[in-house]
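Breakdown of the fold
Single-letter residue listing:
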Amino acid sequence: MSGDESSATARGSAGERPTEEQSTARRTAGDDAGGLRSRLPGTRGEAEAVLDRLVRENRFTIAVLFPAIGAITLVGSAEGWVPDPLAFNPWFVLFGVLVMRSPLVVGVLPTLDRKAVGWIGVLVAYTYAIEHLGVRTGWPYGTFEYTISLGPMLGGVPLALPVFFIPLVVNAYLLCLLLLGGRASNGWVRLLAVVPTVVAMDLVLDPGAVAVGFWDFGGGAFYGVPLSNYAGWVLSATVAVICLDRAFEMASIRDRLANCEFMLDDMVSFVILWGGINVFYGNYVPAALALAFGVGLVRTDRFDSGLLDPRR
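Residues numbered from 1 in each chain as written. Predicted model: local features only at pLDDT ≥ 70, side-chain atom pairs only at ≥ 80, totals over all residues. Heavy atoms only, no water.

Bringing the overall build of the chain into the picture now. Tallying secondary structure elements over the chain gives 12 helices and four strands in all. Counting only contacts in the chain whose residues sit at least 6 apart along the sequence, the fraction spanning at least 24 positions is 77%. Accessible surface computed for the chain: about 16000 Å², of which carbon and sulfur atoms make up 63%. (Helix = DSSP H or I, 4+ residues; strand = E, 2+ residues; numbered from the N terminus. Contact = heavy atoms within 4.5 Å. Areas by Shrake-Rupley, 256 points an atom, 1.4 Å probe, with all protein chains shown as cover.)

Turning next to the environment of Thr238. Its place among the elements puts Thr238 in helix α9 (residues 227-247). Thr238 sits 42 residues away from Pro196 along the chain, and the two C-alpha atoms are 9.7 Å apart. Residues contacting Thr238, with those up to four places away along its chain left out, are Leu191 and Val195. Here the side chain of Thr238 touches Val234 through a polar contact of 2.7 Å, landing on its backbone oxygen. (Polar contact = N/O pair within 3.5 Å; in protein donor to acceptor, adjacent residues only side chain to side chain.)

Take the environment of Val99 next. One can find Val99 in helix α5 (residues 90-108). Owing to a relative accessible area of 16%, Val99 belongs among the buried residues under this scheme. Spatially, the C-alpha atom of Val99 lies 9.2 Å from that of Asp266, the residues being 167 residues apart in sequence. Contact partners of Val99, with chain neighbours within four places excluded, come to Ile62 and Phe66. (Buried < 20%, exposed > 50% of the residue type's maximum accessible area, 1.4 Å probe, protein only.)

Here the focus is the nonpolar core. Core analysis: the largest hydrophobic core is formed by 86 residues, its most contacted members being Leu123, Val169, Tyr173, Leu174, Phe214 and Trp274. Beyond its immediate sequence surroundings of up to four residues, Tyr173 is in contact with Arg190, Val194, Val241, Leu244, Asp245, Phe248 and Met250. (Core = buried A, V, L, I, M, F, W, Y, C linked by side-chain atoms within 4.5 Å.)

In the contact formed by helix α3 (residues 44-56) and α5, the axes pass within 10 Å of each other and the chain directions differ by 145°. Two packed elements cross with a definite hand, and for α3 against α5 that hand is left-handed. In this structure, α3 contributes Leu51, Asp52 and Val55 to the contact, and α5 contributes Ser102, Pro103 and Val106. Residue composition of the contact of α3 with α5, by class: four nonpolar, one polar and one charged. (Axes fitted to C-alpha atoms, helices over the stretch in contact; angles between N-to-C directions. Left-handed = near helix turned anticlockwise from the far one by under 90°. Nonpolar A, V, L, I, M, F, W, Y, C, P; charged D, E, K, R; others polar.)

A few words now on the layout of surface pockets. Volume-wise, the largest pocket comes out at about 850 Å³. At the level of elements, α4 (59-78), α5, α7 (161-180), α8 (187-212), α9 and α11 (265-280) are the ones that each hand at least two residues to the lining of the largest pocket. For the lining of the largest pocket, the leading source of residues is α5, giving seven residues. Here the residues of the lining of the largest pocket are counted per class, giving 28 nonpolar, eight polar and five charged. Reported here for the second largest pocket is a volume of approximately 350 Å³. Considering the residues around the second largest pocket, the lining is formed by 16 residues, among which Leu104, Val105, Ile120, Ile166 and Pro167 are closest to the centre. Secondary structure elements with two or more residues in the lining of the second largest pocket: α5 and α7. No other element matches α5, which puts six residues into the lining of the second largest pocket. Class assignment of the residues belonging to the lining of the second largest pocket gives a composition of 14 nonpolar, one polar and one charged. (1 Å grid on protein atoms, 1.4 Å probe; cavity = no way out; pocket = protein on both sides within 12 Å on 5 of 7 lines; lining within 4 Å. Points joined across faces, edges and corners; volume = space filled by probe spheres on them.)

Put simply, Asp84 and Pro85 share a cis peptide bond, and its omega is 0°. Take Pro85: it is sitting in the loop between α4 and α5. With an omega of 10°, the peptide bond running from Trp139 to Pro140 counts as cis. Residue position: Pro140 is located in the loop between α6 (114-137) and β1 (145-146). Phi at Phe88 is positive, roughly 50°, even though this residue is not glycine. Secondary-structure assignment places Phe88 in the loop between α4 and α5. A relative accessible area of 16% places Phe88 in the buried class. Even without glycine at this site, Tyr223 takes up a positive phi of about 50°. Among the structural elements, Tyr223 can be located in the loop between β4 (215-216) and α9.

Counted according to the given criterion, the structure contains 15 aromatic pairs. Relative to Phe214, the ring of Phe88 lies with its centre 6.2 Å away and its plane at 65°, an arrangement referred to as edge-to-face. Linking Phe88 in the loop between α4 and α5 with Phe214 in the loop between α8 and β4, this pair joins segments that are 126 residues apart in sequence. One exposure class covers both Phe88 and Phe214, and it is buried. Plain terms: the ring middles of Tyr146 and Trp215 are 5.9 Å apart, the flat faces sit at 85° to each other, and that makes the pair edge-to-face. With Tyr146 in strand β1 and Trp215 in strand β4, the pair connects residues that are 69 residues apart, well separated along the chain. Trp215 carries the same exposure label as Tyr146, and that label is buried. Put simply, the rings of Phe88, Phe144, Tyr146, Phe214, Trp215, Phe217 and Trp274 touch in pairs and so form one group of aromatic residues. (Phe/Tyr/Trp six-rings, centres within 6.5 Å; stacked < 30°, edge-to-face > 60°.)

Next comes the structure, spelled out in C-alpha cells:
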C-alpha cells in the first residue's frame, strides 16, 4: 500500500462515526459513573449519616459477636488451641479492635472540629511518649515488656497503641458524663469521676492481657500486675481528662451522647471480651469489675438486651 493510500485509510478510519452499540455502551458507562457519584455522600453530614446507619444496622455483629469471637480466639491462642499463623495474628487482632472501636469513632465524629483534633493529637503524642518511657525505664507503670506482636513497633511501642489506649479513656469519660448527669458540668467532678473509672477499666484489662500473654510485668500483687501500674494510670488518666475537656464542647458531646444509642457499644465489647477472658482464667475480681461496668451500662440504657438478639 502506498503512503497516500495509508494516509487516506487512516483519515477514513478516524472519521468513522461510532456504531450504535458503542454509543450505547458509552452512555451506560457514563450513567453508571454518574449514578455512583450520586449515591456517594456529598457533605460531611451525609457521610456521618451513612456511618451512623452502618453501625446501627450491625450492632449485634460489632458489639457482641466480634468480642465473643475475640475472647475465644485469644484464649485459644494462649492455650495452644489455635494454630499458626492464626494464633495471635497481629493483623487479625488489629482488625477486630478497629471493628469494635467503630461505634465510638462514629459516635464521636460529629463533635470533632479542628480544636478537638488538635487536642486528641496531643493525647496521641502523650500516649507514645509515656509508653516509650515506660518500656525503657519502667516508669510510671512498672517494668514490663510486650510478649506478642501487636503489629509494627517503633522504639519498642506498637504503632497502633492509640487505638488501644485512647478509646479506653474516652469510653470512661463518656460513661461518667451519662452517670453524673448535670453534675458533669463541673470540671473537678468530671476529673474525680473519670480517673478512678479509667483505673477500674485497667483493673479489668491488664490482668486479662497478662493472662493471655499480651505483655508481662514479671509478676505483681494483682493477678500478675504490680500496683505501680495503677499509679501510672492515675497520671495518664488525669492527662487524658484534661485533653478531652479541652477537645470537646461539653454541650455538643452530651447532646450527641444522649441521642446516639450506640456510642458506648465499644464498652459493651470491652465487658464481653475482657470479662470473658478473666472468667476463664479465674481472675474473679477483674471479672466482677467487668460485670459492674455492665451494670453501669444498663443504668444508662446502653446495654440494651435487644443488642443480644442478632435479628434486631
